[in-house]
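Tertiary structure, described
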Amino acid sequence: VLLIGGQLGAGKTTLLNQLLSNRLNLRLRCIVNDLAKMNVDAKLLLHRDKATDCIELTNGCACHALVGHLEGEVSRILQDCDGTEQIDYIVLETSGVVDPVPLV
């Protein structure tokens, strides 16, 4: 799991877009967390091949209110990779106000 964190405007979504452009041929799945009801960061992702590439966690913090939802989504991603579809990384982009320590 690759955790992308940082303050608002630090370039988290830009970095995730670069990773999803897949110049290194990495097999990625991403989870994008936003405190707001509408996940603006997820809407800014440009290089999504299919809807299942990125999962949106909205209307709460992944390290507190949505921790159960986050665990469920990570578990679902791992179950989807049943040997026929391998992934290299699960990338978690947190909201700019999230403390990443509880997620680690």
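Residues numbered from 1 in each chain as written. Predicted model: local features only at pLDDT ≥ 70, side-chain atom pairs only at ≥ 80, totals over all residues. Heavy atoms only, no water.

1. Some remarks on unusual backbone geometry
Which entries qualify depends on this criterion: Strands are runs of DSSP state E lasting at least 2 residues, helices are runs of H or I lasting at least 4, and numbering of each runs from the N terminus. Categorising residues by exposure relies on relative accessible area from a 1.4 Å probe, with only protein chains included: less than 20% of the type maximum marks a residue as buried, more than 50% marks it as exposed, and the intermediate range marks it as partly exposed.
With a phi angle near 60°, N25 is a residue other than glycine that sits in the positive phi range. Tracing the backbone through its elements, the reader meets N25 in the loop between α1 (12-20) and β2 (28-33). The exposure class of N25 is exposed, given its relative accessible area of 64%.

2. Details of the side chain of T94
To keep it simple, the criterion reads: Note on contacts: a residue pair qualifies if any of its non-hydrogen atoms lie within 4.5 Å across the two residues.
Its place among the elements puts T94 in the segment after β4 (89-93). Discounting chain neighbours no more than four positions away, the residues touching T94 are L3, I4, G5, K12, N33 and L103.

3. Considerations on the pattern of salt bridges
Applicable threshold: The salt bridge criterion pairs a side-chain nitrogen of Lys or Arg with a carboxyl oxygen of Asp or Glu, the two atoms within 4 Å.
Within this structure, the stated rule accounts for 2 salt bridges. Across the pair D88 and R27 runs a salt bridge whose closest N-O atoms are separated by 3.0 Å. Remark: R27 occurs in the loop between α1 and β2 and D88 occurs in the loop between α3 (67-80) and β4; sequence separation between them is 61 residues. Residue class for D88 comes out partly exposed when judged on its relative accessible area of 33%. Classification of R27 as partly exposed rests on a relative accessible area of 43%. The closest approach of N and O atoms between R76 and E73, which form a salt bridge, is 3.1 Å. In this pair, R76 and E73 both sit in helix α3, 3 residues apart, roughly one turn of the helix.

4. Description of the confidence of the model for the protein chain
The following threshold applies: pLDDT: the predictor's confidence for each residue, scored from 0 to 100.
Per-chain confidence: the protein chain averages 77 in pLDDT, with 78% of residues scoring 70 or above. Across the protein chain, the element-wise mean pLDDT spans from 70 in helix α2 (residues 40-43) up to 89 in strand β1 (residues 2-4).

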